[in-house]
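# Fold and geometry: a report
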Amino acid sequence: MSLRTVIADDEPLALERVRELLRERDDVEVVGEARDGEEALRVVEQTGPDLLLLDVQMPGLDGFAVLAELDPAHSPAVVFITAFDEYAVRAFDVHALDYLVKPFHRARFHEALDRVIAGRGESRSADVRKAVAQLQPRAPLTRFVVRSAGEIYFVKPTDVAWIESSGNYVRLHTATGEHVVRTSIRDLEERLDAAVFVRVHRSAIVNLDYVKKLEPFFHGEHVITLKDGSQLTSSRSYAGRLREMLKG
């Protein structure tokens, strides 16, 4: 069975070089290509490849951000490709199977492919999940990746009025509607801009730019009225930080 492969690289010459080398093999099938991080996510979601040949530096989402957004339970094997060897240690931290520095030799490229094929069928989801949990919370969140009806689209944090926890998911409330994302509210709290987003309840985070007024309620709680008229209640344990932030 052929190794179903997606290539993600924003450099046309590099993309053509990888295509050329893959044509030398009869055990690999290219099922998709991408020229930036966002397109890479969409193509992987649509094709479900066995292998992702992933450039580190791409427009929008870089290679590490792409890996972090993939569903760990269905993540393909990853071989990073880049012109800079400074990323090598981090590439192996996120359990990439190999790491190619441009310009790489034909033999080195095929060695990487042989390594992927030799390890085919081994479960990597737990390793990927662990690596993403370790690395990604330190990176500031610049966009939400939303999957719906087989499509992927992106929501800017500045467009989100408030966030509601829903089990293993969160619900983003925006002016154009609601969007569901698979993540925990705790992880989001760590990655969102703390000067703008404030946890007001164990199951809610509010964007201060959308708060219209704050009114005392019972037992140290507060009623938060948003600019669109929506109302939330902050719990006593989170009320102090909310009041302090709104003073500024």
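In what follows, the accompanying structure is described.

### As for the overall build of the protein chain
Within the protein chain, the secondary structure is distributed over eight helices and 15 strands. When the 248 residues of the protein chain are sorted by exposure, 45% land in the buried category. When the accessible surface of the protein chain is split by element, carbon and sulfur atoms take 49% of a total near 13,100 Å².

### Notes on the pattern of salt bridges
Summed over all chains, the structure comprises 17 salt bridges. Residue Arg23 pairs with Glu16 through a salt bridge whose shortest N-O separation is 3.0 Å. When its relative accessible area of 57% is taken as the criterion, Arg23 is described as exposed. In this structure, the salt-bridge partner of Arg17 is Glu20, at a minimum N-O distance of 3.7 Å. A residue pair is termed a helical-turn pair when its members lie 3 or 4 positions apart in one helix, as Arg17 and Glu20 do in helix H1 (residues 12–22) at three residues. Look at Arg17 and you get partly exposed, because its relative accessible area is 27%. Counted as one network, the salt bridges with shared partners bring together Glu16, Arg19, Arg23, Glu33 and Arg35.

### So, the sheet that holds strand E9 (residues 169–174)
Judged by pairing direction, the sheet is antiparallel, and its five strands sit side by side in the order E10-E9-E8-E12-E11 without closing on themselves. Each end of this open sheet is capped by a strand with a single partner; those strands are strand E10 (177–181) and strand E11 (197–201). Here the strands of the sheet are splayed against their neighbours by 25° on average, with no regard to which way each runs. Direction of pairing for E9 relative to E10: antiparallel, over a ladder of five bridges. Its bridge partner lying in E10, Arg171 is registered against Val180.

### Focus: unusual backbone geometry
Glycine aside, residues mostly have negative phi angles, and peptide bonds mostly take the trans form. In this structure, Pro103 follows Lys102 across a cis peptide bond, with omega equal to -10°. Within the secondary structure, Pro103 sits in the loop between strand E5 (98–101) and helix H5 (106–118).

### What to know about the sheet that holds strand E1 (residues 3–8)
Backbone-to-backbone hydrogen bonds join strands into a sheet, with any given pair of strands oriented parallel or antiparallel. Taken in spatial order, the five strands of this open sheet run E2-E1-E3-E4-E5, and their pairing is parallel. Strands with a single pairing partner mark the edges of an open sheet, and in this sheet they are strand E2 (28–34) and E5. In this sheet, neighbouring strand axes are inclined to one another by 20° on average, regardless of whether the strands run parallel or antiparallel. Here E1 runs beside strand E3 (residues 51–55); their pairing, made up of four bridges, is parallel. Paired with Ile7 across the strands is Leu53, a residue of E3. Lying on the sheet, H5 is in contact with E1, E2, E3, strand E4 (77–82) and E5; it crosses E5 at an angle near 165°.

### Quick notes on the nonpolar core
As a rule of thumb, soluble globular proteins bury nonpolar side chains together. In this structure, Ala8, Leu41, Leu52, Leu54, Val66 and Phe80 are the most contacted members of the largest nonpolar core, which totals 22 residues. Going through the elements one at a time, E1, helix H2 (37–47), E3, helix H3 (63–69) and E4 are the ones with two or more residues in this core. Grouped together as the second largest cluster of nonpolar side chains are 18 residues, Leu15, Val18, Ala112 and Val116 included.

### A word on the environment of Val79
With respect to the helices, strands and loops of the structure, Val79 is situated in strand E4. Measuring from C-alpha to C-alpha, the distance between Val79 and Tyr99 comes to 5.6 Å, with 20 residues separating the pair along the chain. Contact partners of Val79, with chain neighbours within four places excluded, come to Leu51, Leu52, Leu53, Leu54, Asp98, Tyr99, Leu100, Ala112 and Val116.

### Some details on H2
All of the buried residues in H2 are Gly37, Ala40, Leu41, Val43 and Val44. Considering only its buried residues, H2 is in contact with E1, E2, E3, H3, strand E6 (144–148) and strand E7 (151–155). Two or three places before Glu38, at the opening of H2, Asp36 has a side-chain oxygen 3.1 Å from that residue's backbone nitrogen. The positive-phi residue at the C-terminal boundary of H2 is Gly48, with phi of around 55°.

### Observations concerning the packing of aromatic side chains
Under the criterion given, the structure shown has two aromatic pairs. Taken together, a centroid distance of 5.0 Å and an interplanar angle of 40° make the contact between Phe64 and Phe80 tilted. Within this pair, whereas Phe64 is found in helix H3, its partner Phe80 is found in strand E4, the two being separated by 16 residues in sequence. For the pair Phe64 and Phe80, one class covers both residues: buried. Judged by centre distance (5.7 Å) and plane angle (15°), the ring pair of Phe104 and Phe109 falls under stacked. Just as Phe104 is buried, Phe109 falls in that class too.

Conventions we followed
Along each chain, numbering runs from 1 in the same order as the chain's sequence is written. Confidence filtering applies because this is a predicted model: local features only for residues at pLDDT of at least 70, side-chain atom pairs given and counted only at 80 or more, and all residues used for totals across whole chains, interfaces and linings. Here the side-chain values reflect all heavy atoms present in the structure, with hydrogen atoms and water set aside. A run of H or I in DSSP becomes a helix once it reaches four residues, and a run of E becomes a strand once it reaches two; helices and strands are each numbered from the N terminus. Only protein chains enter the accessibility calculation, which uses a 1.4 Å probe; a residue is then buried when its area is under 20% of its type maximum, exposed when over 50%, and partly exposed in between. Accessible surface is estimated by sampling points in the Shrake-Rupley manner with a 1.4 Å probe; for residues, cover comes only from the protein chains shown. Basic side-chain nitrogens of Lys or Arg form a salt bridge, by our definition, when they fall within 4 Å of a carboxyl oxygen of Asp or Glu. When DSSP finds at least two bridges between two strands, those strands are taken to pair. Axis angles are defined between N-to-C directions and span 0 to 180 degrees, where every axis is a line fitted to C-alpha atoms and, for a helix, only to the segment in contact. Note on contacts: a residue pair is in contact if any heavy atoms of the two residues lie within 4.5 Å. To qualify as a nonpolar core, a set must consist of buried Ala, Val, Leu, Ile, Met, Phe, Trp, Tyr and Cys residues joined through side-chain atoms within 4.5 Å. Two N or O atoms count as a polar contact when they lie within 3.5 Å, although within protein this holds only if one can serve as hydrogen donor and the other as acceptor, and sequence-adjacent residues are included solely when both atoms are side-chain atoms. To pair, rings of Phe, Tyr and Trp, with the six-membered ring standing in for Trp, must have centres within 6.5 Å; the planes then decide the type, stacked if under 30 degrees apart, edge-to-face if over 60, and tilted in the middle.

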